[in-house]
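# A look at the structure
Spelled out, the chains give:
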Amino acid sequence: AVRSPAPNFAYQLCVERIEPAELAGVDLSSWQTAVTGAEMVHPGTCKAFCEKFAPFGFRETSLVPSYGMAEAPLAACSDQRGKGPRTVPLPKGQTGEAGLAEIVCVGAPVPDTEIRISSPTAPGEFLPDERVGEVWINGPGVFAGYCNDREATAATLVPSAQGNWLRTGDLGFLKDG
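No experiment lies behind these values; they were computed from the predicted model shown. (Residues numbered from 1 in each chain as written. Predicted model: local features only at pLDDT ≥ 70, side-chain atom pairs only at ≥ 80, totals over all residues. Heavy atoms only, no water.)

Now for the environment of Thr 168. Locating Thr 168 in the fold gives a position in strand β11 (residues 165-172). The class of Thr 168 is buried, set by a relative accessible area of 14%. Spatially, the C-alpha atoms of Thr 168 and Glu 134 are 7.0 Å apart, while their sequence positions differ by 34 residues. When neighbours within four sequence positions are excluded, Thr 168 is seen to be in contact with Tyr 67, Met 69, Glu 134, Val 135 and Ile 137. (Helix = DSSP H or I, 4+ residues; strand = E, 2+ residues; numbered from the N terminus. Buried < 20%, exposed > 50% of the residue type's maximum accessible area, 1.4 Å probe, protein only. Contact = heavy atoms within 4.5 Å.)

Have a look at this one:
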């Protein structure tokens, strides 16, 4: 196996529960792409996983942070392979979960997908770079709606000339576009 995706908690469980003795003879050098996403990717988890498994051939550059969900392409954004996890500071005046000062960069949108940040007080009014708001996704991978649930669909999808914008409910910001 050369590729494997998992949410942040799976990488954290590996850090916490796998004992070094259990890794005797393990060679992770063929692992090319270890995607982490589906939930917030924590800087500490990325660092701890890379440090713990480096002696067994795991390369930091194989860890690829991404952002996605079932209602859109499973990876709406993905960082560049071969760079390893990168962090960016939170915009001035913003505070993160549990006092985080920086977050993991999840990269640029996948092809034909657009990401915008909507104002929390004026939904649909898109914010400039480095302003925190709700992540909205538009592209061919955005789902058509929830099965037999028009109310939830109407609350989640915002029609536009470019197609439906998916209101993710997640907070985020753009940096350098």
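And the narrative resumes.
Right, let's talk about the sheet that holds strand β2 (residues 33-37) for a bit. Pairing in this open sheet of 5 strands is mixed, and the strands run β1-β2-β3-β4-β7 from one edge to the other. Where the open sheet ends on each side, the last strands, each with one partner, are β1 (3-7) and β7 (108-109). Sheet topology places strand β4 (residues 77-78) next to β7; 2 bridges connect them, and they run antiparallel. Paired with Cys 77 across the two strands is Pro 109, which belongs to β7. (Pairing = 2+ DSSP bridges.)

This brings us to the nonpolar core. Counting residues in each nonpolar core, the largest one holds 16 residues, and the members touching the most others are Tyr 11, Trp 31, Phe 49, Phe 58 and Leu 63. At the level of elements, α1 (8-17) and α2 (43-53) are the ones that each hand at least two residues to this core. The element contributing the most residues to this core is α2, with 4 residues. Beyond its immediate chain neighbours, meaning those up to four positions away, Phe 49 contacts Tyr 11, Cys 14, Val 15, Trp 31 and Phe 58. (Core = buried A, V, L, I, M, F, W, Y, C linked by side-chain atoms within 4.5 Å.)

This part is about the packing of α1 against α2. Closest axis-to-axis distance for the α1/α2 pair is 9 Å, and the angle between their directions is 45°. In this view, α1 runs oblique relative to α2, as classed from their interaxial angle. The handedness of the crossing between α1 and α2 comes out as left-handed. Of the residues in α2, those in contact with Asn 8, Tyr 11, Gln 12, Cys 14 and Val 15 of α1 are Thr 45, Ala 48, Phe 49, Lys 52 and Phe 53. Class assignment for the residues of the contact of α1 with α2 results in 6 nonpolar, 3 polar and 1 charged. (Axes fitted to C-alpha atoms, helices over the stretch in contact; angles between N-to-C directions. Parallel < 35°, antiparallel > 145°, perpendicular 65-115°, else oblique. Left-handed = near helix turned anticlockwise from the far one by under 90°. Nonpolar A, V, L, I, M, F, W, Y, C, P; charged D, E, K, R; others polar.)

The next subject is the side chain of Thr 113. With respect to the helices and strands, the residue Thr 113 is situated in the loop between β7 and β8 (114-118). Filtering out sequence-adjacent residues up to four positions away, Thr 113 remains in contact with Pro 73, Ala 76, Ile 137, Asn 138 and Gly 139.

Moving on: the pattern of salt bridges. Applying the stated rule across the entire model yields 4 salt bridges. Between Arg 116 and Glu 114 there is a salt bridge; the shortest N-O distance is 2.7 Å. The shortest N-O distance in the salt bridge between Lys 175 and Glu 130 comes to 3.2 Å. Taken together, the residues Lys 175 in the segment after β11 and Glu 130 in the loop between β8 and β9 (133-138) connect sequence positions 45 residues apart. Owing to a relative accessible area of 34%, Glu 130 belongs among the partly exposed residues under this scheme. (Salt bridge = Lys/Arg side-chain N within 4 Å of Asp/Glu carboxyl O.)

Cysteine pairs can be linked by a disulfide, which is a covalent bond between their two sulfur atoms. All told, the structure shown has 0 disulfides when counted by the stated rule. Cys 50 carries a free sulfur, and the closest cysteine sulfur to it, the one in Cys 46, is 6.5 Å from it. There is no disulfide at Cys 105, and the cysteine sulfur nearest it, in Cys 77, is 8.7 Å away. With relative accessibility at 18%, the residue Cys 105 sits in the buried group. (Disulfide = S-S within 2.5 Å.)

Another aspect to go through is the packing of aromatic side chains. Applying the stated criterion to the full structure yields 9 aromatic pairs. Arranged with centres 4.6 Å apart and planes meeting at 40°, the rings of Phe 49 and Phe 53 form a pair that is tilted. Of the two residues, Phe 49 and Phe 53 are both situated in helix α2; the distance of 4 residues between them amounts to about one turn of the helix. Judged by relative accessible area, Phe 53 falls into the buried class, the value being 4%. Judged by centre distance (5.1 Å) and plane angle (85°), the rings of Phe 49 and Phe 58 are edge-to-face. Each of the two residues, Phe 49 as well as Phe 58, counts as buried. Joined through ring pairs, the aromatic side chains of Tyr 11, Trp 31, Phe 49, Phe 53 and Phe 58 make up one cluster. (Phe/Tyr/Trp six-rings, centres within 6.5 Å; stacked < 30°, edge-to-face > 60°.)

Honestly, it's all geometry; don't read function into it.
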